Amino acid sequence: MEEMTRNCRLCQEPMPPSPFMTCPVCLADSEKVKTYILKNPHVTPEKISKETEVPLDKVSNMVKLGISVK
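Residues numbered from 1 in each chain as written. Predicted model: local features only at pLDDT ≥ 70, side-chain atom pairs only at ≥ 80, totals over all residues. Heavy atoms only, no water.

Caption draft 1: A look at helix α2 (residues 45-52). Every buried residue of α2 is accounted for by Ile48, Ser49 and Thr52. Looking straight down α2, one finds that the buried residues subtend no more than 95° of arc, so they occupy a single side. Next to the buried residues of α2 lie α1 (24-39) and α3 (56-65). With its phi angle positive at about 60°, glutamate 53 sits one or two positions after the end of α2. (Buried < 20%, exposed > 50% of the residue type's maximum accessible area, 1.4 Å probe, protein only. Helix = DSSP H or I, 4+ residues; strand = E, 2+ residues; numbered from the N terminus. Arc of directions from axis to C-beta. Contact = heavy atoms within 4.5 Å.)

Caption draft 2: Representation of unusual backbone geometry within the structure. With phi around 65°, glutamine 12 is a residue other than glycine that occupies positive phi space. In this structure, glutamine 12 sits in the loop between β1 (6-7) and β2 (14-15). For histidine 42, which is not a glycine, the phi torsion comes out positive at approximately 65°. Here histidine 42 is to be found in the loop between α1 and α2. The class for histidine 42 is exposed, based on a relative accessible area of 85%.

If you want it as structure tokens, here you go:
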């Protein structure tokens, strides 16, 4: 039987089977962003990107996809 692969919701790179919709790197990045936003509400995506060292396009994609900080 062929193993099913899918693409990460954030970076669109192929990823191994997982219960998560994001690859391990993007999962870690999203946790960094969520933690930063919880400590610093009302901050711009540019500031989030700079402070967390997560690329701006990935932060913007998180916002677009509605990744929650809850």
